[in-house]
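Residue strings, one per chain:
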Amino acid sequence: MFKNTLLQAIDAATIEIRRFTDLEFEITNKEGINNLVTEVDHASEKAIIDVITKNFPGHHILSEECGDLVQDSQYKWIIDPIDGTVNFAHHIPICCISIGLEHNGKMIMGGIYNPFMNELFIGERGQGVTLNDKRISVSKKEKVANACMVTGFPYTYLDEPNGPLQVFERFIRRGVPVRRLGSAAIDLAWVACGRFDGFYEHKLQPWDSAAGFLMVEEAGGKVTNLKGDEYSPYEPGIIATNGIIHDELTDVINNGWPV
Ligand code: IPD
Ligand code: CA
Ligand code: CA
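Report on the accompanying structure. All values derive from a computational prediction rather than experimental measurement. (Residues numbered from 1 in each chain as written. Chains lettered and ligands numbered in written order. Predicted model: local features only at pLDDT ≥ 70, side-chain atom pairs only at ≥ 80, totals over all residues. Heavy atoms only, no water.)

## Regarding the sheet that holds strand S14 (residues 222–224)
Reading across the sheet, the five strands line up as S12-S11-S13-S15-S14 and stay open at both edges, with mixed pairing between neighbours. Strands at the two margins of the open sheet, each flanked by one partner only, are strand S12 (178–179) and S14. Inspection of the sheet shows strand S11 (residues 149–151) paired to S12 by two bridges, in the parallel sense. Across the sheet, Val-150 pairs through a bridge with Arg-179, a residue of S12. (Pairing = 2+ DSSP bridges. Helix = DSSP H or I, 4+ residues; strand = E, 2+ residues; numbered from the N terminus.)

Listed below in structure tokens is the structure:
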């Protein structure tokens, strides 16, 4: 029943996103520089929320553009109607709908769909993860030096020790490839299916990672905060890997390369 609702919500959002493919759409700025929202984000969000509230009128909803729709419920749907809005606004086909479902504070299900690449990732606690109905798992890479990594940067500059640019520089100076796709949910889904060996980011929101972090765990990987402690999507930093390189990556992020 939850999964049907998740799939229906993704379908409804996809119709909205595709409806705008050849149309001009309105783009406005949120807090920060180039932190965009389009009328398509709002249309996708409305379509998702309509499906969820029709099926589960008592469930709590947390969604990026409309915030917390609080209900006294054990269930909470966490929604990013378009993750990768800057890409979407520039017609770069790397963006997705991301929906996670929490039960008593624990993520139990997540769906990520890129309507341009037709890739649907579904993760369920204890049941693994699929990409277009085929079971996926994380990579087997053993060393950070040989890994293919991905990260993202916040819309506001974080000038702090081990901040985004400092850590990025550390990898680039060693020749470790670090991609920047512009959608944290896709970054996580692509760690889950083994395209990337590791992902880290300093400042995310719950809707960016809710579905994707569960997928990495269910695909056999590991997810922690930036310090290497237990992860919560309600704190900003994340490290998500195939598990094998996790401790080494956490160490490089916090302390630099060993001498
Ligand atoms: C953004 C993307 C991006 C990440 C930003 C997020 P949005 O979400 O996930 O990869 O680096 O921090 O805000 O704004 O496209 O939904
Ligand atoms: Ca997002
Ligand atoms: Ca978004």
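That shown, we press on.
## Details of helix H1 (residues 2–19)
Every α-helical turn comprises 3.6 residues, leaving residues that sit three or four positions apart pointing alike. With 18 residues, H1 ought to run about 26 Å at 1.5 Å a step, and its terminal C-alpha atoms sit 26 Å apart, in line with that. Looking only at H1, the buried set comprises Thr-5, Leu-6, Ala-9, Ile-10, Ala-12, Ala-13, Thr-14, Glu-16 and Ile-17. Considering only its buried residues, H1 is in contact with helix H2 (39–55), strand S5 (75–83), helix H3 (85–89), strand S6 (96–103), strand S7 (106–114) and strand S8 (119–124). (Expected span 1.5 Å × (residues − 1). Buried < 20%, exposed > 50% of the residue type's maximum accessible area, 1.4 Å probe, protein only. Contact = heavy atoms within 4.5 Å.)

## Observations concerning the environment of Ile-48
One can find Ile-48 in helix H2. Each C-alpha atom, one on Ile-48 and one on Gln-205, is 19 Å from the other, the two residues being 157 residues apart in sequence. Leaving out residues up to four positions away in the same chain, Ile-48 has contacts with Ala-9, Ala-13, Ile-79, Pro-81, Ile-97 and Ile-99.

## Looking at the coordination of the calcium ion (ligand 3)
Only Glu-64 (OE), Asp-80 (OD) and Ile-82 (O) from the protein reach the calcium ion (ligand 3) as donors, at distances of 2.2 to 2.3 Å. In the primary structure, the donors to the calcium ion (ligand 3) are separated according to the pattern E-x15-D-x1-I. Here the calcium ion (ligand 3) and the calcium ion (ligand 2) are spaced 3.7 Å apart, with Asp-80 acting as a shared donor. Taken individually, Asp-80 and Ile-82 each receive the classification buried, so the pair is uniform in this respect. (Donors = N, O, S within 2.8 Å, 3.2 Å for Na, K, Ca; no water.)

## Digging into the packing of aromatic side chains
One pass over the structure, following the stated rule, counts eleven aromatic pairs. Between Phe-20 and Phe-25 the ring centres are 6.5 Å apart and the planes differ by 85°, which places this aromatic pair in the edge-to-face class. The same class applies to Phe-20 and to Phe-25, which are both buried. Seen in terms of ring centroids, Phe-171 and Trp-257 are 5.9 Å apart; in terms of plane orientation they differ by 90°. Their pairing is edge-to-face. One end of the pair, Phe-171, is in helix H4 (residues 164–173); the other, Trp-257, is in the segment after helix H7 (246–255), and 86 residues separate them in sequence. Here Phe-171 and Trp-257 have matching classes, each one buried. Taken together through their ring pairs, the aromatic side chains of Phe-2, Phe-56, Tyr-75 and Trp-77 make up a single cluster. We note Arg-195 situated over the ring of Trp-190; from NZ or CZ to the ring centre the distance is 4.7 Å. (Phe/Tyr/Trp six-rings, centres within 6.5 Å; stacked < 30°, edge-to-face > 60°. Lys NZ or Arg CZ within 6 Å of the ring centre and 35° of its normal.)

## Focus: the pairing of strand S3 (residues 60–63)
Successive residues of a regular strand alternate their side chains across the two faces of the sheet. Side-chain alternation along S3 places His-60 and Leu-62 on one buried face and Ile-61 and Ser-63 on a second face that is also buried. Pairing geometry for S3 and S5, over four bridges, is parallel. Counted as the bridge partner of His-60 is Lys-76 from S5. Pairing of S3 with strand S4 (residues 67–69), which is carried by three bridges, proceeds in the antiparallel orientation. In the strand pairing of S4, Ile-61 is matched with Leu-69. Counting the residues between successive antiparallel strands, the hairpin from S3 to S4 contains three residues.

On their own, these measurements won't tell you what the molecule is for.
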